[in-house]
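Report on the structure
Listed below are the residues making up each chain.
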Amino acid sequence: MREGWEYKKLGQVCTSDLGKTLNKSKDRGELHPYLCSINILWDKIDLSTLKQACFEADEQEKYTVRKGDLLVCEGGDTGRSAIWDRDETILYQNALHRLRFHESVSPKFVLFYLMYLKDIGEIDNKYSKGVTIKHLVKKALLSIPLPIPPKPTQLSIVSELDKLNELIQIKKEQLKDYDALAQSIFYEMFGDPVENEKGWEVMSLADVCHSITDGDHMPPPKTDSGIPFLTISNINKETRILDFSDTFFVPQSYYVALKESRKPMENDLLYTVTGSYGIPVVVDGKNSFCFQRHIALLRPNVDKVLTLYLCYWCLCPSIKQVADKVATGIAQKTVSLTSLRKFSIILPPLPLQQSFAHRIEQIERQKAAVQRTIKDLETLLAVRMQYWFE
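The following paragraphs examine the structure supplied in this document. Computed from a predicted structure; not experimentally measured.

1. Description of the overall build of the protein chain
The helix and strand inventory of the protein chain stands at nine helices and 21 strands. Computed over its C-alpha atoms, the radius of gyration of the protein chain comes to 24 Å, within 12% of the 21 Å expected for a compact globule of 390 residues. Here the C-alpha coordinates of the protein chain stretch approximately 65 × 55 × 40 Å along the principal axes. Evaluated residue by residue, the protein chain yields a buried proportion of 47% over its 390 residues. Taking the contacts inside the protein chain whose residues are at least 6 apart along the sequence as the reference set, 77% of them involve residues at least 24 apart. Put simply, the protein chain shows about 19900 Å² of open surface, and 51% of that area lies on carbon and sulfur atoms. Side chains of the protein chain give 50 positive and 50 negative charges; the mean places of these two sets differ by 4 Å.

See the structure below:
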């Protein structure tokens, strides 16, 4: 133990309550905005997706979030946390723990500590329960041992980690700006792909691809090494990059036995079809891998459509709306391959697609440099959290 530090369980330095269990069929009276897990990002609260429900007058004090409260996700991405830093209050529901700390503890210090525990796997593997869906129940959350330095030291640590985190967020915003630029170039050159105001030729997606398939529907055999097997969680939704750092493996013989149309090749396009559907990823061909059925693989006929053009066509909001209309299911919506093959795609002349691809390649190179910087900063943040919290 560091000199001057002490250890207490989280429950000893805060009060904690889950939010209201909602039953919209019984909603009566005035609707109020409330926070749920989808609003909680790491160290950030997204108010663009707020929902509304009825909270009775006598419930509102009990389920109120005040400035300085730490909100922790109970299910899904367990432990994901953010601080409510606004002067006005807001309500919250039972997918969130609300932690209200004693004066001696900085909420931001605890947030970084939970982020550290998440990074090293303890939130998921030690404190969360469940197989298919993990839950971080109140008893387990409050049992987490917390290293507590003097308050000035807490604030100094928070200042250091905050600066690194802010730099990471700035770089991630740069990536969004590059994506917005690329999308604006698409609309400038081709117009809206559904409205087709420029009168381009239209074909079905099946007619411009050699094949449109998905991953194996049977559980694959697992090995300690071999060919990486990717799931939808290995696709970074923000960067649209495949993450090979946390995959399981299948035997070489399993991979060899797959149909050729199910073996990703350079310039193929992956497209998520279940849950977070509609995310395209260009395959760079550097790694052999296979993947689960929640991901589709499109092999473009390059005499008709270029992969980069197809990728940014998929990213258009109006194409996402097409996917929304055909997605079926309740717990996890799915875009079927049958529906995907029927998507109508506008086909500008290949030279125009090539001009677009050239401009996008330049943007992608700039994005790659920013992504390398983000990775370096994230590594440094992890090292500094390990230094303070290990």
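2. Notes on empty space enclosed by the protein
In total, this model carries one cavity of 30 Å³ or more according to the counting rule given. When its volume is computed, the largest cavity comes out at roughly 30 Å³. Every residue along the wall of the largest cavity is listed here: G215, D216, F229, Y254, L258, R262, C290 and F291.

3. A word on helix 7 (residues 317-326)
Along helix 7, the residues classified as buried are S318, I319 and A323. The arc that holds every buried residue of helix 7, seen down its axis, measures 155 degrees, which confines them to one face. Looking at the packing, one finds that the buried side of helix 7 touches helix 4 (151-190), strand 17 (269-272) and helix 6 (307-314).

4. A look at the sheet that holds strand 6 (residues 51-54)
With mixed pairing, four strands are arranged side by side in an open sheet as 6-3-10-7. At either margin of the open sheet sits one strand with a lone partner, and together these are strand 6 and strand 7 (64-65). With two bridges connecting them, strand 7 and strand 10 (residues 90-92) associate as antiparallel partners. Bridge pairing links V65 to I90 in strand 10.

5. Brief notes about the pairing of strand 20 (residues 295-300)
Counted residue by residue, strand 20 has six buried out of six residues, so it is predominantly covered. Here strand 20 shows two buried faces, one formed by I295, L297 and R299 and the other by A296, L298 and P300. Bridge count for strand 14 (residues 209-214) against strand 20 is five bridges, and the pairing is antiparallel. Pairing of T213 across the sheet is with L297, part of strand 20. Pairing of strand 17 with strand 20 involves four bridges; the strand directions are antiparallel. When the sheet's bridge partners are listed, Y271 is paired in strand 20 with A296.

6. Digging into the pattern of salt bridges
In total, this model carries 21 salt bridges according to the counting rule given. A salt bridge links D43 to K108, with the nearest nitrogen and oxygen atoms 3.7 Å apart. With D43 in the loop between strand 4 (40-41) and strand 5 (44-45) and K108 in helix 1 (residues 107-119), the pair connects residues that are 65 residues apart, well separated along the chain. Relative accessible area serves as the criterion here: at 24%, D43 is assigned to the partly exposed category. Among the ionic pairs, K176 bridges to E173, the shortest N-O distance being 3.4 Å.

7. Description of the side chain of T231
Mapped onto the elements of the fold, T231 is located in the loop between strand 15 (227-230) and strand 16 (248-250). On the basis of relative accessible area, T231 is assigned to the buried category, the value being 18%. Polar side-chain contacts of T231 include one of 2.8 Å to the side chain of S233. When near neighbours in sequence (up to four residues on either side) are disregarded, T231 contacts F248, Q292 and I295.

Basis of the calculations
- Residues numbered from 1 in each chain as written.
- Predicted model: local features only at pLDDT ≥ 70, side-chain atom pairs only at ≥ 80, totals over all residues.
- Heavy atoms only, no water.
- Helix = DSSP H or I, 4+ residues; strand = E, 2+ residues; numbered from the N terminus.
- Rg over C-alpha atoms; globule rule 2.2 N^0.38 Å.
- Buried < 20%, exposed > 50% of the residue type's maximum accessible area, 1.4 Å probe, protein only.
- Contact = heavy atoms within 4.5 Å.
- Areas by Shrake-Rupley, 256 points an atom, 1.4 Å probe, with all protein chains shown as cover.
- Lys, Arg positive; Asp, Glu negative; His and termini not counted.
- Charge placed at Lys NZ, Arg CZ, Asp CG, Glu CD.
- 1 Å grid on protein atoms, 1.4 Å probe; cavity = no way out; pocket = protein on both sides within 12 Å on 5 of 7 lines; lining within 4 Å.
- Points joined across faces, edges and corners; volume = space filled by probe spheres on them.
- Arc of directions from axis to C-beta.
- Pairing = 2+ DSSP bridges.
- Salt bridge = Lys/Arg side-chain N within 4 Å of Asp/Glu carboxyl O.
- Polar contact = N/O pair within 3.5 Å; in protein donor to acceptor, adjacent residues only side chain to side chain.

Remember, this is a structural readout, not a statement about activity or role.
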